[in-house]
Amino acid sequence: MLENFDIFDGDADVYFDPLVMPRLRPATILYDLEPIGVGTGACESLRGYFDRLADSHRVNPTALIEDVIAQHLRGLPGYSIRITTRSKQLSRHFISGGASTESITKVLVKLTGVQELDSCTMLPTRGIIGTRGLIRSRSCHCPLCFQAVKSKPRYAQLLWEVECVTACPIHNIKFVESVCGAERSVYTHKPQKKLLSGVCSKCGSIGYCCRNDTVTTASSVEIWKAQQVAELILHLPKAATIFSQERTIYGLKELVTKSTNGVSAIVANNAGIYKSVLWGWMNGRFPPNLPQLLDICLSTGVSLVSVLKGEPSECECPRQISIIRAKPRKDRASYEERESALRQALSATPSISIAAVARKLKLHRTTLIGQFPELATRIIKRFSEFRKESSVNRRQHDLEVAGAMIKKLRDAGVPCTHRNFSKLTNQYLLPETSLWVALRKLLSEE
Ligand SMILES: [Zn+2]
Ligand SMILES: [Zn+2]
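Quick summary incoming for the structure in this document. All of these numbers come straight from a predicted model, not from anything done at the bench.

1. Regarding the overall build of the chain
(1) Moving on: Of regular secondary structure, the chain possesses 19 helices and four strands.
(2) Moving on: In the chain, buried positions account for 31% of the 446 residues.

2. Some remarks on unusual backbone geometry
(1) Moving on: A cis geometry characterises the amide bond from Thr349 onward to Pro350, with omega recorded as -10°.
(2) Moving on: With respect to the secondary-structure elements, Pro350 resides in the loop between helix H14 (335–346) and helix H15 (354–360).
(3) Moving on: The phi angle at Arg58 is positive, at roughly 60°, despite the residue not being glycine.
(4) Moving on: Along the chain, the position of Arg58 falls in the loop between helix H1 (46–56) and helix H2 (61–73).
(5) Moving on: With a phi close to 55°, Asn172 is a non-glycine residue in the positive phi region.
(6) Moving on: In this structure, Asn172 sits in the loop between strand E2 (167–168) and strand E3 (173–174).
(7) Moving on: By C-beta crowding, Asn172 is classed as partly exposed, having 18 other C-beta atoms within 10 Å.

3. Describing the nonpolar core
(1) Moving on: Ranked by size, the top nonpolar core spans 68 residues in total, and within it Leu159, Ala226, Val229, Ile233, Cys297 and Leu304 carry the most contacts.
(2) Moving on: Ranked by residue count, the leading element in this core is helix H7 (residues 220–234), at seven residues.
(3) Moving on: If we ignore the near neighbours within four places in the chain, the residues touching Leu304 are Gln228, Glu231, Leu232, Leu293, Leu294 and Cys297.
(4) Moving on: Residues Leu342, Leu375, Ala376 and Phe383 belong to the second largest nonpolar core, which totals 10 residues.

4. Comments concerning the environment of Val357
(1) Moving on: Here Val357 lies in helix H15.
(2) Moving on: Taking C-alpha positions, Val357 is 7.1 Å from Leu342, a pair spaced 15 residues apart along the chain.
(3) Moving on: Once residues lying within four places of it in the same chain are set aside, the contact partners of Val357 are Ala341, Leu342, Ala345, Ile352 and Leu368.

5. Remarks on the environment of Cys210
(1) Moving on: The topology assignment puts Cys210 in the loop between strand E4 (176–177) and H7.
(2) Moving on: Sequence separation between Cys210 and Ala182 is 28 residues, and the spatial gap between their C-alpha atoms is 5.4 Å.
(3) Moving on: Setting aside its immediate chain neighbours within four residues, Cys210 contacts Cys180, Gly181, Ala182, Cys200, Cys203 and Ser205.

6. Quick look at the packing of H7 against helix H12 (residues 290–300)
(1) Moving on: It is at 11 Å that the axes of H7 and H12 come closest, and there the two elements cross at 115°. Classified by the interaxial angle, the pair formed by H7 and H12 is roughly perpendicular. Of the two elements, H7 crosses H12, and the hand of that crossing is right-handed. Mapping the contact onto sequence places Val221, Trp224, Lys225 and Gln228 in H7 and Leu294, Cys297 and Leu298 in H12.
(2) Moving on: Residue composition of the contact of H7 with H12, by class: five nonpolar, one polar and one charged.

Calculation criteria
Residues numbered from 1 in each chain as written. Chains lettered and ligands numbered in written order. Predicted model: local features only at pLDDT ≥ 70, side-chain atom pairs only at ≥ 80, totals over all residues. Helix = DSSP H or I, 4+ residues; strand = E, 2+ residues; numbered from the N terminus. Buried ≥ 20, exposed ≤ 12 C-beta atoms within 10 Å, placed from the backbone. Core = buried A, V, L, I, M, F, W, Y, C linked by C-beta atoms within 7 Å. Contact = placed C-beta atoms within 7 Å. Axes fitted to C-alpha atoms, helices over the stretch in contact; angles between N-to-C directions. Parallel < 35°, antiparallel > 145°, perpendicular 65-115°, else oblique. Left-handed = near helix turned anticlockwise from the far one by under 90°. Nonpolar A, V, L, I, M, F, W, Y, C, P; charged D, E, K, R; others polar.

Honestly, that's just the spatial picture; any functional story needs more than this.
Rendered as structure tokens:
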């Protein structure tokens, strides 16, 4: 049977391998439930994961937050009492990639021992993509994704939470709102309510069949955008190594150089965004926001992930370039209108500030100051004099009121204490209140 005896140890060098015992996982408070689809475009969202986690512990998600998670969250950055109540804002706290998401994810990783929960949120893109408007406030789902899953559990996808995605890249149909379609009379009572992704929380219908939706085909642009964001979500587990702010800036500059020989204004105009916005992204002033970045990628025919990686590469795009148009510029005031507004401000009573004039004209004050330096200086001087004067008047008025109050108390034979002054004005006088300052001044002068 064994012909090659050379493979065995000889008499002289017998040794034993140290025994390697399988390591046991450290104890955790919550089940080590695996998130579904990590590393794919159809990755589960942390909010959906949390609902499944609560369900597997046979508790309500609210109870899990209030009784378990809240204790560990207290004191962490981004903590607010709102996180601990199941509000409409919750999905933002869970997914957006802000400070509260980071804290919640940290706590959940600690309590479950599951390390890859980061990838169920937009946290890995923090600092690379702006969080403002990233996550939608009303939840949506793909009706076919909820129908098709037969052997696997139904789960909420991270892609559905991204505001600028409106279609399912798997089924090429539009999302529908996760809102009950049944009548109030069939709503389930509170104790029987199932708070789980894929189940209507009002009537208990599985896969939101209560909605009776007709499936709508998405446009090619919607599908393209969904594919791009799905590709981004697919790369989230290794985002730390392949994406960075520097690479994104470099990617944007490369994109501008390749498509228009370095004229960023043309790129911005073709994508319908302001050139100052693109300039801000390219100079690291603020991170790009996803919807506008997608518009730039679409108009230049470049994939989103490749820009974030810093090596923009062409990809197949729907022919949409002619349909995207630059947004009409704000109805800004003409030169004459600006001048006449400034001249009016010079004779206005009470005096108004240059910022107020600029606000009326939908401009920034520095624009007006740069354009009409002389007029602007006169307005600024006039307004500062007016402010000084009114502050003196206010102080004088306070002193008069304070004098009257002291007289009133003394006439009634009551001591001049803070409590009595507060009772007289019917409000608690804070130390920095101008009236209290005046009262103290008068009393100390006596
Ligand atoms: Zn789908
Ligand atoms: Zn329903």
